[in-house]
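Chain and residue survey
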Amino acid sequence: MSRKNNLANFLTRPAHEVAPDLLGCIIERRVGVRVLRGKIVETEAYDQTDAASHSYGGETPRTQVMFGPPGYLYIYFTYGMHYCCNIVVGEIGNGAAVLIRAIEPLKGIDFMKQRRGRAGVELTNGPAKLCQALAINKEQNGVDLSDGEVRLVINKSGAPAETVTTTRIGISRNVDMPWRFYIKDSPFVSR
DNA sequence: AGCGGGATTTTCT
DNA sequence: GAAAATCCCGCTT
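Below or above, wherever it landed, is the structure these notes cover. Nothing here was measured: the structure is a model prediction, and the numbers come from that model. (Residues numbered from 1 in each chain as written. Chains lettered and ligands numbered in written order. Predicted model: local features only at pLDDT ≥ 70, side-chain atom pairs only at ≥ 80, totals over all residues. Heavy atoms only, no water.)

**Comments concerning the protein's contact with DNA strand B**
What surrounds DNA strand B is the set Thr 60, Arg 62, Phe 77, Tyr 79, Gly 80, Met 81 and Lys 138. Across the atoms of DNA strand B situated within 4 Å of the protein, the share located in sugar and phosphate is 67%. Thr 60 places a side-chain nitrogen or oxygen 2.2 Å from a phosphate oxygen of DNA strand B. Interatomic distance of 2.4 Å between a backbone N/O atom of Tyr 79 and a base oxygen of DNA strand B. For the surface near DNA strand B, a count of residues per class yields 3 nonpolar, 2 polar and 2 charged. (Near = heavy atom within 4 Å. Polar contact = N/O pair within 3.5 Å; in protein donor to acceptor, adjacent residues only side chain to side chain. Nonpolar A, V, L, I, M, F, W, Y, C, P; charged D, E, K, R; others polar.)

What follows is the structure in structure tokens.
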């Protein structure tokens with residue numbers, strides 16, 4: 001089976017099921033000849049039934065890719081200066097995505113330090129921080145994660161990490177939904 | 001360690 | 001016109 005179909009199968013499920021399974025998976029970013037890599041350690045699920053989701057209430061120009069096929073990047077701009085990175089999941093026509101809130105840097109750490117002007121956990125322990133570290137912005141909106149400048153690599157091997165399930169951060173509606181997931185004890189989880 | 005406010009602009013009502 | 005899936009800095013304990 002092709003990589004693309006593999007990825008599509010993995011992602012064609014409800015966001016709150018995919019989100020915990022993305023923990024431990026690898027994000028790979030190509031910037032020219034350079035390769036940056038990180039392990040996903042924190043995610044949040046959003047879907048169309050969810051008042052906290054950008055897709056709530058239907059498709060808009062901004063959320064178009066959320067309603068498209070799974071396996072693509074949905075990037076949004078917020079607070080006048082930050083980008084956040086989501087993986088589109090679920091069936092075509094359903095506005096669902098998983099927000100990547102934190103990663104653990106694995107490769108290209110010097111590049112990330114330069115981009116961030118910081119080091120250690122401060123490189124990538126937040127959704128906008130990791131976008132800055134990985135040089136992700138609006139130009140990556142709609143990128144194909146199976147074969148683009150940002151790739152998602154499913155990690156099936158190794159013992160499953162211990163996962164914590166809790167409520168989401170930074171939202172004002174539907175605040176009690178336990179759709180935030182992170183790897184217990186990872187120092188790279190956001191605050 | 002914890003709180004409070006400012007930055008800055010897109011997006012939708 | 002208001003809010004926003006955030007981050008950073010400075011001030012106070």
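Resuming the write-up.
**Examining the pairing of strand β8 (residues 180-183)**
Both strand β2 (residues 34-46) and β8 contribute to a ladder of 3 bridges, which runs antiparallel. Its bridge partner lying in β8, Glu 42 is registered against Tyr 182. (Pairing = 2+ DSSP bridges. Helix = DSSP H or I, 4+ residues; strand = E, 2+ residues; numbered from the N terminus.)

**Considerations on the protein's contact with DNA strand C**
Around DNA strand C sit 22 residues, and of these His 54, Tyr 76, Asn 86, Arg 118 and Ser 172 come closest. Take Pro 127: an N or O atom from its main chain is 3.2 Å from a phosphate oxygen of DNA strand C. Contributing elements (two or more residues each) for the surface near DNA strand C: β4 (82-88), β5 (97-107) and α4 (127-133). Looking at the surface near DNA strand C residue by residue, the class counts come to 11 nonpolar, 6 polar and 5 charged.

**Thoughts on the pairing of strand β1 (residues 26-31)**
Bridging between β1 and β2 involves 6 bridges; their strand directions are antiparallel. Considered in β2, the bridge of Arg 29 is made with Leu 36. What sits between β1 and β2 in their antiparallel hairpin is a turn of 2 residues, with Gly 32 showing a positive phi close to 65 degrees. Where β1 lies against strand β6 (residues 150-153), 4 bridges are found, and the strand directions are antiparallel. When the sheet's bridge partners are listed, Glu 28 is paired in β6 with Arg 151.

**Observations regarding the side chain of Thr 63**
Among the structural elements, Thr 63 can be located in the loop between β2 and β3 (73-78). At 2.9 Å, the side chain of Thr 63 and the backbone nitrogen of Thr 60 are in polar contact. Setting aside residues no more than four positions away along its own chain, Thr 63 makes contact with His 54, Ser 55, Gly 58 and Tyr 74. (Contact = heavy atoms within 4.5 Å.)

**Some details on the packing of aromatic side chains**
Pairs of aromatic rings are described using the distance from one ring centre to the other and the angle between the two planes. Applying the stated criterion to the full structure yields 2 aromatic pairs. Considering the side-chain rings of Tyr 74 and Tyr 76, the 5.9 Å spacing of their centres and the 35 degrees angle between planes classify their relative orientation as tilted. Taking the centre distance of 5.0 Å and the plane angle of 50 degrees together, the rings of Phe 77 and Tyr 83 count as tilted. Phe 77 gets classed as partly exposed once you look at its relative accessible area, which sits at 37%. Positioned over the ring face of Phe 10 is Arg 13, at 5.0 Å from the centre of the ring. The cationic tip of Arg 168 hangs over the ring face of Tyr 46; the distance from NZ or CZ to the ring centre is 4.6 Å. (Phe/Tyr/Trp six-rings, centres within 6.5 Å; stacked < 30°, edge-to-face > 60°. Buried < 20%, exposed > 50% of the residue type's maximum accessible area, 1.4 Å probe, protein only. Lys NZ or Arg CZ within 6 Å of the ring centre and 35° of its normal.)

**Examining the pattern of salt bridges**
This model, assessed by the stated rule, comprises 11 salt bridges. Here Glu 104 and Lys 39 are joined by a salt bridge, their closest N and O atoms 3.8 Å apart. Remark: Lys 39 occurs in strand β2 and Glu 104 occurs in strand β5; sequence separation between them is 65 residues. With a shortest N-O distance of 2.8 Å, Arg 180 and Glu 42 are connected by a salt bridge. A residue pair is termed long-range when its members are at least 10 positions apart, and Arg 180 in strand β8 and Glu 42 in strand β2 qualify at 138 residues. Three or more residues joined by partner-sharing salt bridges are found here, namely Glu 42, Glu 44, Arg 101 and Arg 180. (Salt bridge = Lys/Arg side-chain N within 4 Å of Asp/Glu carboxyl O.)

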